[in-house]
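Observations on chain architecture
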2 protein chains.
Amino acid sequence: MDVSYDPRTGERQGGVAHTTSAMVEAILNRATTAAYELAATAPKVRKIWLTATSDALLAHEEELAQLGNEETGLGLPRLRSEIAGSARSILFYASVAVEGSYLGASTDLINESIALSRWNIPVGPIAVFGASNFPFGFGVFGHDVASALAAGCPVIAKAHPAHPRLSARLSVIARSALLAAGAPEGTYDLVTGFDAGLHLVDSPAIATVAFTGSQRGGMALLARAAPRGVPVFAEMGTVNPAFVTAAAAAADTAAIAAGFVASFTLGAGQFCTKPGLIFAPAGAGMFDAVAARVAEVPPAPLLTAGIAASFATGIAELAVAAESTSRSTIPVGDGYFVAAQVFRVALADLRPGSRLLEECFGPVALVCEYIDAAAALSTLVRLQGSLAASVFTGGPTDPETRAVVERLLPNVGRVALNAWPTGVINTWSQQHGGPWPATSRLDATSVGAGALARFVRPVSLQNAAPETLPVFLSADNPWQIPRRIDGALIPPAHQF
Amino acid sequence: MDVSYDPRTGERQGGVAHTTSAMVEAILNRATTAAYELAATAPKVRKIWLTATSDALLAHEEELAQLGNEETGLGLPRLRSEIAGSARSILFYASVAVEGSYLGASTDLINESIALSRWNIPVGPIAVFGASNFPFGFGVFGHDVASALAAGCPVIAKAHPAHPRLSARLSVIARSALLAAGAPEGTYDLVTGFDAGLHLVDSPAIATVAFTGSQRGGMALLARAAPRGVPVFAEMGTVNPAFVTAAAAAADTAAIAAGFVASFTLGAGQFCTKPGLIFAPAGAGMFDAVAARVAEVPPAPLLTAGIAASFATGIAELAVAAESTSRSTIPVGDGYFVAAQVFRVALADLRPGSRLLEECFGPVALVCEYIDAAAALSTLVRLQGSLAASVFTGGPTDPETRAVVERLLPNVGRVALNAWPTGVINTWSQQHGGPWPATSRLDATSVGAGALARFVRPVSLQNAAPETLPVFLSADNPWQIPRRIDGALIPPAHQF
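Residues numbered from 1 in each chain as written. Chains lettered and ligands numbered in written order. Predicted model: local features only at pLDDT ≥ 70, side-chain atom pairs only at ≥ 80, totals over all residues. Heavy atoms only, no water.

**Brief notes about the packing of aromatic side chains**
What counts here: Any Phe, Tyr or Trp ring, taking Trp's six-membered ring, that has another such ring centre within 6.5 Å forms a pair; planes under 30 degrees apart are called stacked, those over 60 apart edge-to-face, and the others tilted. Charge-over-ring contacts are defined here by two conditions on Lys NZ or Arg CZ: a distance within 6 Å of the ring centre and an angle within 35 degrees of the ring normal.
Summed over the entire model, instances satisfying the criterion amount to 24 aromatic pairs over all chains. Ring-pair connections join several aromatic residues into one group, and the members of that group are Phe260, Phe264, Phe392 and Trp420 of chain A. Above the ring of Phe134 of chain B, the side-chain terminus of Arg78 of chain B is found at 4.5 Å from the ring centroid.

**So, the environment of Thr32 of chain B**
Residues and elements named next belong to chain B. Note the cut-off: In this description a helix means any DSSP run of H or I spanning at least four residues, a strand means any run of E spanning at least two, and both kinds are numbered starting from the N terminus. Here, residues are in contact when the closest pair of their heavy atoms is within 4.5 Å. Under this definition, polar contacts are N or O atom pairs within 3.5 Å; protein pairs additionally need one hydrogen-donor-capable and one acceptor-capable atom, and for neighbouring residues in sequence, both atoms have to be side-chain atoms.
Looking at where Thr32 falls in the secondary structure, it is placed in helix 1 (residues 21-39). Remark: the alpha-carbon pair of Thr32 and Leu91, spanning 59 residues in sequence, is separated by 25 Å. The residues touching Thr32, leaving out its near neighbours within four places in the chain, are Pro125 and Ala205. Among the polar contacts made by the side chain of Thr32, one reaches the main-chain carbonyl oxygen of Leu28 at a distance of 2.9 Å.

**Some remarks on the interface of chain A and chain B**
A common way to state how big an interface is: give the accessible area lost once the parts meet. Test applied: Put simply, buried area is how much 1.4 Å-probe accessible surface two parts lose in total, over both of them, once they are put together. For salt bridges, the criterion is a side-chain nitrogen of Lys or Arg within 4 Å of an Asp or Glu carboxyl oxygen. Amino acid classes used here: Ala, Val, Leu, Ile, Met, Phe, Trp, Tyr, Cys and Pro are nonpolar; Asp, Glu, Lys and Arg are charged; the rest, including Gly, are polar.
The interface is formed by 65 residues belonging to chain A together with 65 residues belonging to chain B. The largest per-residue losses of area from chain A upon contact with chain B belong to Ser429, Arg457 and Gln462 of chain A, which jointly make up 12% of the total buried on that side. Here chain A and chain B share four salt bridges between them. Note that Asp443 of chain A and Arg441 of chain B form a salt bridge whose closest N and O atoms lie 3.1 Å from each other. On the surface where chain A and chain B come into contact, there are 44 residue pairs in polar contact (both at pLDDT 80 or more). For the side of chain A that touches chain B, the elements supplying multiple residues, two or more each, are strand 3 (106-111), strand 4 (114-122), helix 13 (401-408), strand 18 (412-417) and strand 19 (456-462) of chain A. Residue classes in the side of chain A that touches chain B are distributed as 34 nonpolar, 20 polar and 11 charged.

**Notes on the UniProt feature "domain: Aldehyde dehydrogenase" (unreviewed entry) in chain A**
To keep it simple, the criterion reads: UniProt positions are given in the numbering used here, feature names are shortened, and annotations may be inferred rather than shown by experiment.
Per the UniProt record, "domain: Aldehyde dehydrogenase" (unreviewed entry) is found at residues 5-434 of chain A. End-to-end, the C-alpha atoms of residues 5-434 of chain A are 33 Å apart, and along that stretch the chain is 42% helix and 21% strand.

**Focus on unusual backbone geometry**
Residues and elements named next belong to chain A. Trp436 connects to Pro437 through a cis peptide bond whose omega is 5°. Note that Pro437 resides in the loop between strand 18 and strand 19. Backbone geometry at Asn477 places phi at a positive 45°, although glycine is not the residue there. For Asn477, the location among the structural elements is in the loop between strand 19 and strand 20 (483-485). In this structure, Asp486 takes a positive phi of about 50° despite not being glycine. Summarising the element assignment, Asp486 is placed in the loop between strand 20 and strand 21 (488-490).

**Some details on the domain arrangement of chain A**
Residue and element names in this part refer to chain A. Rules: The domain limits used here are those given by an automatic or database domain assignment.
By domain assignment, chain A separates into domain 1 (2-236 + 443-454) and domain 2 (240-417). Computed from C-alpha coordinates alone, the two centres of domain 1 and domain 2 are separated by 32 Å. Between domain 1 and domain 2 lies a buried interface of about 1200 Å² when both sides are counted; carbon and sulfur atoms form 66% of it. In terms of surface lost to domain 2, no three residues of domain 1 exceed Pro7, Asn133 and Glu235, which account for 35% of the buried area on that side.

**Some words on the side chain of Ser263 of chain A**
Residue and element names in this part refer to chain A. As a reminder of what qualifies: Here the term buried applies to any residue with accessible area under 20% of the maximum for its type, exposed to any over 50%, and partly exposed to those in between, with areas from a 1.4 Å probe on protein chains only.
In this structure, Ser263 sits in helix 9 (residues 246-264). Relative accessible area serves as the criterion here: at 4%, Ser263 is assigned to the buried category. Among the polar contacts made by the side chain of Ser263, one reaches the side chain of Thr422 at a distance of 2.6 Å. Apart from the residues lying within four places of it in its own chain, the contact partners of Ser263 are Pro275, Trp420, Pro421 and Thr422.

**As for the sheet that holds strand 16 (residues 364-370) of chain B**
The strands making up a sheet are joined through hydrogen bonds of the backbone, oriented either antiparallel or parallel. Here is the rule we go by: Being paired, for any two strands, means DSSP has found at least two bridges between them. Orientation is described by lines fitted to C-alpha atoms, with helices fitted over the stretch in contact, and by angles between N-to-C directions that extend from 0 to 180 degrees.
Pairing is mixed in the open sheet, where 12 strands are placed in the order 21(A)-20(A)-3(A)-4(A)-19(A)-18(B)-17(B)-10(B)-11(B)-16(B)-15(B)-13(B). The strands lining the two open edges of the sheet, one partner per strand, are strand 21 of chain A together with strand 13 (324-327) of chain B. Going across the sheet, the axis of each strand differs from the next one's by a mean of 20°, ignoring polarity. Sheet topology places strand 19 of chain A next to strand 18 (residues 412-417) of chain B; three bridges connect them, and they run parallel. Bridge pairing in strand 18 of chain B places Leu461 of chain A opposite Val415 of chain B.

**A few points about the pattern of salt bridges**
All names here are of chain A. Per the counting criterion, the structure on display carries 38 salt bridges over all chains. A salt bridge links Asp144 to Arg454, with the shortest nitrogen-to-oxygen separation between them at 2.8 Å. Placement of the pair is Asp144 in helix 5 (residues 143-150) and Arg454 in the loop between strand 18 and strand 19, with a sequence separation of 310 residues. Arg454 carries the same exposure label as Asp144, and that label is buried. The residue Arg402 makes a salt bridge to Glu406 at a minimum N-O spacing of 3.1 Å. Taken together, the residues span about one helical turn, with Arg402 and Glu406 both in helix 13 at a distance of four residues. Here Glu406 falls in the partly exposed class, since its relative accessible area comes to 41%.

**Brief notes about the nonpolar core**
Counted only if it meets this: We define the nonpolar core as a collection of buried residues of types Ala, Val, Leu, Ile, Met, Phe, Trp, Tyr and Cys that are connected through side-chain atoms lying within 4.5 Å of one another.
In this structure, Leu277 and Phe279 of chain A together with Leu277 and Phe279 of chain B are the most contacted members of the largest nonpolar core, which totals 218 residues. Excluding anything up to four places from it in sequence, Leu277 of chain B contacts Val239, Asn240, Pro241, Ala242, Val345, Leu350, Leu357, Leu366, Cys368 and Leu383 of chain B.

**Some points on the relation of the copies chain A and chain B**
Put simply, the rule reads: Least-squares fitting of one copy onto the other uses the C-alpha atoms of those residues that reach a pLDDT of at least 70 in both copies.
Of the transformation placing chain A onto chain B, the axial shift is 0.0 Å and the rotation is 180°, giving an RMSD of 0.0 Å. As the rotation angle and translation indicate, the two copies are arranged about a two-fold axis. Taking the C-alpha atom as reference, chain A places Pro491 of chain A closest to the rotation axis, 3.8 Å from it. When the interface residues of chain A are mapped onto chain B, 100% of them again fall at the interface, so both copies present the same face.

**A look at the pairing of strand 18 of chain A**
All names here are of chain A. We apply this condition: With the strands pointing away from the viewer, any crossover whose connection runs clockwise from the first strand over the helix to the second is right-handed.
Among the six residues that make up strand 18, six are buried, leaving the element largely enclosed by the rest of the structure. Alignment of strand 17 (residues 386-392) against strand 18, held across five bridges, turns out to be parallel. By the bridge assignment for strand 18, Ala388 is matched with Arg414. Between strand 17 and its parallel partner strand 18, the chain crosses via helix 13, and the hand of that crossover is right-handed.

**Points about the sheet that holds strand 15 (residues 341-345) of chain A**
One open sheet holds the 12 strands; their spatial order is 13(A)-15(A)-16(A)-11(A)-10(A)-17(A)-18(A)-19(B)-4(B)-3(B)-20(B)-21(B), and the pairing between them is mixed. The two strands at the open ends of the sheet, each matched to only one other strand, are strand 13 (324-327) of chain A together with strand 21 (488-490) of chain B. Geometrically, the sheet is characterised by an average inter-axis angle of 20° between neighbouring strands, direction not taken into account. Pairing analysis gives four bridges linking strand 10 (residues 240-244) of chain A to strand 11 (residues 275-281) of chain A, with the strands arranged parallel. Within strand 11 of chain A, the position partnered with Pro241 of chain A by the bridge is Leu277 of chain A. Relative to the sheet, helix 10 (residues 286-294) of chain A contacts strand 10, strand 11, strand 13, strand 15 and strand 16 (364-370) of chain A, its axis offset from that of strand 15 of chain A by approximately 165°.

**Describing the pairing of strand 3 (residues 106-111) of chain B**
All names here are of chain B. Sheet topology note: the strand 3/strand 4 (residues 114-122) ladder contains five bridges and is antiparallel. Across the sheet, residue Ser106 finds its bridge partner in strand 4, namely Arg118. Of the pairings in the sheet, the one linking strand 3 to strand 20 (residues 483-485) comprises two bridges and is parallel in character. Along strand 20, the bridge assignment pairs Ser106 with Arg484.

**As for the packing of helix 2 (residues 43-59) of chain B against helix 6 (residues 164-180) of chain B**
A packed helix pair is summarised by two numbers, namely the angle formed by the two axes and the spacing between the axes. All names here are of chain B. To be explicit about the condition: Under this scheme an angle from 65 to 115 degrees is roughly perpendicular, one under 35 degrees roughly parallel, and one over 145 degrees roughly antiparallel; angles in between are oblique. Two helices that cross are described as forming a left-handed crossing if the nearer one is turned anticlockwise from the farther one by less than a right angle, and a right-handed crossing if clockwise.
Closest axis-to-axis distance for the helix 2/helix 6 pair is 8 Å, and the angle between their directions is 140°. Classified by the angle between their axes, helix 2 and helix 6 sit oblique to one another. As helix 2 packs across helix 6, the resulting crossing turns out to be right-handed. Along the contact surface, helix 2 presents Trp49, Ala52, Thr53, Ala56 and Leu57, while helix 6 presents Leu170, Ile173, Ala174, Ala177 and Leu178.

**What about the environment of Leu408 of chain A?**
Residue and element names in this part refer to chain A. By the element assignment, Leu408 lies in helix 13. C-alpha of Leu408 to C-alpha of Phe243: the two residues are 165 residues apart in sequence and 9.4 Å apart in space. Excluding residues within four positions of it along the chain, Leu408 makes contact with Pro241, Leu380, Ala389, Ser390, Val391 and Val415.

**Concerning helix 2 of chain B**
All names here are of chain B. Applicable threshold: Expected span, for any helix, means 1.5 Å times one less than how many residues it has. Of all possible arcs, the one meant is that of the directions from the helix axis to the C-beta atoms.
With 17 residues, helix 2 should reach 24 Å at 1.5 Å per residue; the first-to-last C-alpha distance of 24 Å fits that figure. Those residues of helix 2 lying buried are Pro43, Arg46, Trp49, Leu50, Thr53, Ser54, Ala56 and Leu57. Projected onto a plane normal to the axis of helix 2, the buried residues spread over an arc of 160° and lie on a single side. Among the exposed residues of helix 2, those oriented more than 90 degrees off its buried face are Lys44, Ile48 and Ala59. The inward-facing, buried residues of helix 2 abut helix 1, helix 3 (61-72), helix 4 (76-99), helix 5 (143-150) and helix 6.

**A look at the environment of Ala94 of chain A**
Residue and element names in this part refer to chain A. For Ala94, the position within the fold is in helix 4 (residues 76-99). Accessibility expressed as a relative area gives 1% for Ala94, which makes it buried. Separated by 48 residues in the primary sequence, Ala94 and Arg46 have C-alpha atoms spaced 7.0 Å apart. Contact partners of Ala94, with chain neighbours within four places excluded, come to Lys47, Leu50 and Ala150.

What follows is the structure, given as structure tokens:
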């Protein structure tokens, strides 16, 4: 049984039975059957299914937010907003599928005797291991699940042990909505329990694994899947750097400090896009300004006893490696409540292999006051891969901007200018991913239109008669999608 | 030293010294520097460099073909044709880069305060481990190298021990042409020797590895690179199935048999697209027709003593698992010459784990005469991943066509209708890849326009001023590339 605990008290509050091996096998079998059916559906049909699911989430918003709050302690306003965002994202992924670029449709007439067509097919059933920190956005019906369904793949989600009751209820709501809207049995299912999760990874029926969570969890999945060659898209731990230029610090260090503290303590510091390390010019008083703000941050509960224990260990390790520290002065309550904290670190100590360059999940961050901007930039190049980074500049004319962005880009997925990385908009131009060890696949994104690409692969068909090609490659372009004809990219309105 | 042997005699004919560790380190350092320079060049500049290399290959065609023939025994006509194809491919990859879709340029104006742009950046220095069987197409300046350079990544190729002298000479010609055309030092280099290859894989300077070769070699590279999270695009062994429908067999079994033998013995059966297993309806006499053709196939030398030994082992293993066999009646000469051979296998013996379903590199193939077409189709679904497959049909109206293609597609990269898979055209719609274990990355292709995608990754920049964005995202679209603006895909002629 996955036991449920209230993070605000540490008290047990029921649980959910593990899925039996026989039941996992039955779920895998129906996903295998559904894979053929989904691959044959048009995106606009899957849009109907997904729209029904989005509507169902909103219809159950209050119930889901309450249940989520009992298990995560993240607070009702944040959870309501996360549900609303998730409902919008589901619609977005459906619209991306309908737009049709994800199909990569292409035809070349090489010569009189050779024609070649290429397009993307769904890879098959996907196993999704969601995250503890976003029970809706990256949970059992979040970005990974919705983008996989939009791309035409059945999904089997594994319940997160941090919120088993919410996972169970959310999956029932989503599954019912999908089936009622016409999706075949096997389109979406949930399993609960560690062994059930391993069963998925080991099954030849699973084509791809998507995971959001810790480095340790991601690495274990990667090792488990490697001998079968199963792709694992793991989003793991990351220290997201922020850089403040001299001009920005001169303009308003206090405002940047306030924004930094608000960003790294958001959701009790349990965002994968949390800014974990800020570089600011010495003499501007950034550490003191941050420390003053941190002093006033109310304690917040971490998600689980395990995360609280890891946070305590991390704080102790950082204390050894850092120069000094400061923490919230507000008394910490029961359960998994912890105090926000900031460390001052020396530029010279930010060396590869240092604990300072590894994520500490929770409301903690580092401040590095640099004397030499060039030395700080050199350090940026040596940082390990991150999901996101922020640069605070004195505006478009700040001469440092371009160099800082150029140093950061090779190590990150997204750079935000004069903005904190903790907001992740779901749109065509979003990149939520990054180089190792932030993710296992530096070419992938788990938010944004590109999220569907993880769940399809290209195939070519040579010398096919029109009736053997997929319908979206026929002359009249019935789905009105962008296609490439003899090398020329042609949007639907201008076809033929 | 990598010693060179003549496959036609087995005689030693010189060799090439291994690259020292200090020299590999120097090469890695200059590739790291060149990576920044290449990332800042426009595709049309790299097109100039690549065109010079293509011209240089053609200018040295006869010298290179002679040298290649001494080390591979593949014959001058085939090698001349491979050089010409390689020269064309280099130009094609350059044109794909100039077209600009590979940049994935996209901008969204979310609202008054948020703008988000996304595009692809080159990942950095690439290590290319080429194949023995295509010294030009997949050698030290073949598809992998040219597509990586086109995408803006420096390349360090490792010489193949089957043709060390050709690798050395070819790399000098290509490198000189690149540098003379203006490419920076570090754009392209060669290393020789097993340890030098490991040095590349272990170096933090290498961003991605591309490999073409055996299953064992590919798996070793994958295991070596995994702890660092370095992407490895390995194209490995594959049994490419062919299926003959009842109508096709009735129309002309003799012609299909002749084509099959010509295809599986091409280049002494050392094509990664070799059709290794053909399914034909019982009663059409396919095995006998193939055996009659095989009897007349002249012996050909395999590339190396190692490949010849593996072929002998493979033939012995297949003989145990197959029902009967037949081979060329023409006497086999010295060196690494072997006889073409065909095995008759039972449908029931094509079970997962059977030796019959694993590649045997060289001029050998299996014939399976099926009684029940439905049972044969079920077997197709159980085959492991392959690069390519062929289907021979009675024409567009053959009722079996669609079902066979649908059964094959989930397991292969490309299906050719009424054509053999051994020709691989380099064009926009080509897919040369396939599910595990044919390759390590089922989403990738090593031939065709999609080949560049292996060497770039997306980044997002949030709230950037125009001067901080790459030039190709500026309002006037100076490179005239397709871009996505607020979700709409816009080809260059219709921009703004």
